[in-house]
Amino acid sequence: MSFNTFGHMFRVTTFGESHGPAIGCVVDGCPPRIPLTENDIQPFLDKRRPGQSRHTTQRQEPDSVRILSGVFTDEATGKQVTTGAPIALIIQNEDARSKDYSDIKDKYRPAHADYTYDVKYGIRDYRGGGRQSARETATRVAAGAIARKIVPGMNVRGALVQMGKRTIDRTRWDWAEVDKNPFFCPDGKTAVELADYLDGVRKSGSSVGAVIEIVADGVPAGLGAPIYGKLDGDLAAAMMGINAVKGVEIGAGFGAAALSGEENADDMRMGNDGKPRFLSNNAGGILGGISTGQSVVVRFAVKPTSSILTPRRTVDRYGNETEIVTKGRHDPCVGIRAVPIGEAMVACVIADHYLRQRAQMGAGPSWPFERLVPPI
Ligand SMILES: Cc1cc2nc3c(=O)[nH]c(=O)nc-3n(C[C@H](O)[C@H](O)[C@H](O)COP(=O)(O)O)c2cc1C
């Protein structure tokens, strides 16, 4: 497998399997002299950590991160900072139970990647899904914590806005609610209903999908390059790179198809700060692949967990038709823990484009073109 790296200037390479000794990543291209300790990374891993409520997998992983390289004490401040060298991060796997998978080691779970890994490589690590497991995404969350420190003033937040057929009431959206319930749901009332709903799904041995929305505030205008380096293109690729993601939208997304040109256009006016402002944000903060300075809004659809207790028809790797029941510990709705993962991937992509912008343009976006358009 030769594609374990993403990003251009801010490059992340991840390694490790679900039931191997450890997972980790190497972050290359992080600028020097950024304060960085494990304490800057751990809170984000704690958000994604399994086993924190009855609504996620009961695998107990502390997900304690260790920084192995790329940091040193800054003499002037006494603080630990990045040196510009590759930053290696490692997380031990503590609670793998590989025997849970011995019954299905030769069978393909429908909707999982067992068949495609086997047909491609002729070998697959069946223990916990090996590399196809979302265990790997912990390392991306760790990389995302570093990415967040690169773009000054950027704030990336995520929320679950739909579970199965249940959608939130957007008029009740409150970011403070997101940290108060186990679903990262911004609508407290819906969150209460989701608890009963998901209990029912889990007890019936089934699973359910979700829609996640990520909002990045404080993204400067001008990030992204037209055509082959579009910010929305890279965001879509990053979201699709998250396990179980089957759809991505930017701004109004698929809803834009039903809007008229007048409804869809984000009209412009001059703001009190002397900069252009938009009267709406159907564009999701991106036009022509380049950030507008508005919030970048990304949504993605996560499919229901494929490992379910309900028997499914399948085949094994020797061509026999059979049935499969997946025991072991699984998330009944993988969309919940996809929230911090989506946030991290958005942060990594924007940090990468921020550094690309600096490399090409130096100081950054050039509004208000004083040198080009003299004031009237
Ligand atoms: C946070 C998270 C946790 C996941 N946990 C499970 C799980 O417990 N069981 C499972 O079958 N799939 C789980 N998945 C999904 C699989 O990793 C994914 O469906 C599989 O790799 C196949 O890839 P694809 O769905 O992207 O095609 C999880 C996904 C995410 C994002």
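Please read all numbers here as calculations on a predicted model, not as lab measurements. (Residues numbered from 1 in each chain as written. Predicted model: local features only at pLDDT ≥ 70, side-chain atom pairs only at ≥ 80, totals over all residues. Heavy atoms only, no water.)

### With respect to the site of the ligand
Near the ligand, the surroundings consist of 15 residues, among which Q132, A244, K303, S307 and H330 are the closest. One nitrogen or oxygen atom from the side chain of N243 is found 3.3 Å from an oxygen atom belonging to the ligand. At a separation of 2.9 Å, an oxygen atom of the ligand approaches a polar backbone atom of A244. Taken by itself the ligand offers 630 Å² of open surface, and the protein chains cover 86% of this. Grouping the amino acids of the shell around the ligand by side-chain chemistry returns five nonpolar, seven polar and three charged. (Near = heavy atom within 4 Å. Polar contact = N/O pair within 3.5 Å; in protein donor to acceptor, adjacent residues only side chain to side chain. Areas by Shrake-Rupley, 256 points an atom, 1.4 Å probe, with all protein chains shown as cover. Nonpolar A, V, L, I, M, F, W, Y, C, P; charged D, E, K, R; others polar.)

### Concerning the packing of helix α3 (residues 137-147) against helix α8 (residues 338-361)
Where α3 meets α8, the axes come as close as 8 Å, and the angle between the chain directions of the two elements is 50 degrees. Judged on the interaxial angle alone, α8 and α3 are oblique. Taken as a pair, α3 and α8 cross one another with a handedness that is left-handed. Where α3 abuts α8, its residues T137, R140, V141, A143, G144 and A147 lie against P340, I341, A344, M345, A347, C348 and A351. In terms of residue class, the contact of α3 with α8 is made up of ten nonpolar, two polar and one charged. (Axes fitted to C-alpha atoms, helices over the stretch in contact; angles between N-to-C directions. Helix = DSSP H or I, 4+ residues; strand = E, 2+ residues; numbered from the N terminus. Parallel < 35°, antiparallel > 145°, perpendicular 65-115°, else oblique. Left-handed = near helix turned anticlockwise from the far one by under 90°. Contact = heavy atoms within 4.5 Å.)

### Let's talk about α8
Look at α8: 34 Å from first C-alpha to last across 24 residues, which is about the 34 Å you get at 1.5 Å a residue. Along α8, 19 of the 24 residues are buried, which leaves the element largely enclosed by surrounding structure. Just downstream of α8, G362 is the residue with a positive phi angle, here 75 degrees. (Expected span 1.5 Å × (residues − 1). Buried < 20%, exposed > 50% of the residue type's maximum accessible area, 1.4 Å probe, protein only.)

### Some words on the pattern of salt bridges
A full pass over the atoms with the stated rule returns 26 salt bridges. The closest approach of N and O atoms between D217 and R157, which form a salt bridge, is 3.1 Å. Here R157 lies in strand β8 (residues 155-163) and D217 lies in strand β10 (residues 210-217), a separation of 60 residues in the sequence. Connected through shared salt-bridge partners, R48, E61, D63 and R135 make up one network. (Salt bridge = Lys/Arg side-chain N within 4 Å of Asp/Glu carboxyl O.)

### What about the sheet that holds strand β1 (residues 5-6)?
Taken in spatial order, the five strands make up an open sheet running β1-β2-β3-β7-β4, and their pairing is antiparallel. The open sheet has two edge strands, β1 and β4 (65-67), and neither has a second partner. Taken together, the three bridges between β4 and strand β7 (residues 87-92) define a ladder with antiparallel strand orientation. Residue pairing for β7: R66 is matched across the bridge by I90. (Pairing = 2+ DSSP bridges.)

### Quick word on the side chain of D316
Relative to the helices and strands, D316 resides in the loop between β17 (312-315) and β18 (321-324). For the buried D316, no salt bridge is present, and the opposite-charge side chain at shortest range is K107, 7.5 Å distant. In this view, D316 contacts D106, K107, Y108 and T322; residues no more than four positions away in its chain are not counted. (Lys, Arg positive; Asp, Glu negative; His and termini not counted.)

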